[in-house]
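The primary structure of each chain is shown beneath.
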Amino acid sequence: MTVDASRGADAPPELVQLLTPEGERVEHPDYDIDLTPEEVRSLYRDLVLVRRVDLEAVALQRQGELGIWASLLGQEAAQIGSGRALTDADMAFPTYREHGVAWCRDVDPVKLLGMFRGVNHGGWDPKEHNFHLYTIVIGSQTLHAVGYAMGIQRDDATAATIAYFGDGATSQGDVNESFIWASVFNAPIVFFCQNNQWAISEPLEKQTRIPLYRRASGFGFPGVRVDGNDVFACLAVTRQALKNAREGQGPMLIEAFTYRMGAHTSSDDPTRYRVASELEAWKLKDPIERVKAYLFKNELADQAYFDSIEAEADQLGADLRARCLAMPDPEPLAIFDHVYSEPHALIDEERAQYAAYLEGFER
Ligand SMILES: Cc1ncc(C[n+]2csc(CCOP(=O)(O)OP(=O)(O)O)c2C)c(N)n1
Ligand SMILES: [Mg+2]
């Protein structure tokens, strides 16, 4: 934790945490959450199932069935906590690692796999799920999200927008510009930064000299750092920030302090640039284990319950694998279909050229 002399002795803890790594419920002066046992079990189920989706995808990639995969391992609580804070009317703008948020938005995980397998052109209908398409260009979705939030404002709608991005993305011009626009227009947006402490091989200290959440104050809106491995805290803080945004209080930056436990993507080998002890330390803060410990200690779930979730995860993984392998290749010319909503001369020309090229092969 960064030492901050300017905060004063009676300042609230810098990191909002409601559930310790040991599974103990703790209080925070500014944030609280009151969950029924059923709701806690449901969060646990989400965490386990999205981890399984991720694990299956990693395996499929290693077997050559996906071109690439960006693992969410370690970031499940940040994604499920924030994702479950959204209402149906809210709009989420992800980057490329938000498989847990996709899960909360009811996007069939096979559609994520289809994108990484290269057999669909984007993946899902953003309007149907209020979940935008994945964005690879780092940080650019934050501008789209602010524009969308300003639209909500002009429609007088009761909804908020959430934009996901990483620690590395905070160094991008787009993200800083989006902060300015959101601030001066008081846009209903929550900036949700998953600080997993790495931007491929670049460590956090190459992005910032201060905790990222404190950047917000320079732009004129509040920022908070939450334990990104604590699903209770992520849910509580995001829920409050979205509510504030919907009620006209403008943007907020949430820095979910977490750790990317896997490789950046399947094309990366983190053993080349970080020490194993770092990963070992973060394993002790696993986002799933602490919820399990909480459920066990408080007798809110028994072994039969945990076994049933494992069985459901096995079933989900097997089903996902089968449906991934069964996905048909797309029609090659379909790649031109959704570039523009209306006919476009250049696209027509390129489609014709590509069709002529394909004619040269036996089909
Ligand atoms: C504009 C732009 N520059 C560079 C890249 C290459 N790139 C892909 S992921 C990445 C690191 C992003 O790190 P971070 O924002 O922390 O997100 P994380 O992958 O850790 O979730 C970079 C530099 C890119 N996709 N887009
Ligand atoms: Mg990162």
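None of the values given here were measured: they were computed from a predicted structure.

1. A short note on the state of the cysteines
Counted under the stated rule, the structure contains 0 disulfides. With no disulfide partner, cysteine 234 has as its closest neighbouring cysteine sulfur the one in cysteine 104, 12 Å distant. Here cysteine 234 falls in the buried class, since its relative accessible area comes to 1%.

2. Quick word on the environment of leucine 43
Turning to its location among the elements, leucine 43 is positioned in helix H1 (residues 37-62). Counting along the chain gives 38 residues from leucine 43 to glycine 81, while the straight-line C-alpha distance between them is 8.0 Å. Here leucine 43 is in contact with Leu35, Ile80, Arg84, Val231, Phe232 and Leu235, once residues within four sequence places are set aside.

3. A closer look at the pattern of salt bridges
Here the structure, examined in full by the defined rule, presents 20 salt bridges. A salt bridge links aspartate 314 to arginine 52, with the nearest nitrogen and oxygen atoms 2.6 Å apart. Taken together, the positions of aspartate 314 in helix H12 (residues 303-325) and arginine 52 in helix H1 put the pair 262 residues apart, joining distant regions of the chain. The exposure class of aspartate 314 is partly exposed, given its relative accessible area of 44%. One salt bridge in this structure joins arginine 225 and glutamate 255, with 3.0 Å as the shortest N-O distance. Linking arginine 225 in strand E7 (residues 223-227) with glutamate 255 in strand E8 (residues 252-257), this pair joins segments that are 30 residues apart in sequence.

4. A closer look at the packing of aromatic side chains
The full count for this structure, using the stated rule, is 26 aromatic pairs. Each ring, one from phenylalanine 179 and one from phenylalanine 221, has its centre 5.6 Å from the other, and the planes form 85°; the classification is edge-to-face. One end of the pair, phenylalanine 179, is in helix H7 (residues 173-184); the other, phenylalanine 221, is in the loop between helix H8 (215-219) and E7, and 42 residues separate them in sequence. The class for phenylalanine 221 is buried, based on a relative accessible area of 5%. An aromatic cluster is built from Trp69, Phe116, Trp124, Phe131 and Tyr134, whose rings are joined through pairwise contacts. Over the ring of tryptophan 282 we find lysine 285; its NZ or CZ atom is 4.1 Å from the centre of that ring. Stacked on the ring of phenylalanine 306, the Lys or Arg lysine 292 has its end atom at 5.1 Å from the ring centre.

5. A word on the domain arrangement of the protein
Domains assigned within the protein are domain 1 (37-330) and domain 2 (334-363). The C-alpha centroid of domain 2 is placed 35 Å from the C-alpha centroid of domain 1.

What counts and what doesn't
Residues numbered from 1 in each chain as written. Chains lettered and ligands numbered in written order. Predicted model: local features only at pLDDT ≥ 70, side-chain atom pairs only at ≥ 80, totals over all residues. Heavy atoms only, no water. Disulfide = S-S within 2.5 Å. Buried < 20%, exposed > 50% of the residue type's maximum accessible area, 1.4 Å probe, protein only. Helix = DSSP H or I, 4+ residues; strand = E, 2+ residues; numbered from the N terminus. Contact = heavy atoms within 4.5 Å. Salt bridge = Lys/Arg side-chain N within 4 Å of Asp/Glu carboxyl O. Phe/Tyr/Trp six-rings, centres within 6.5 Å; stacked < 30°, edge-to-face > 60°. Lys NZ or Arg CZ within 6 Å of the ring centre and 35° of its normal. Domains from an automatic or database assignment.

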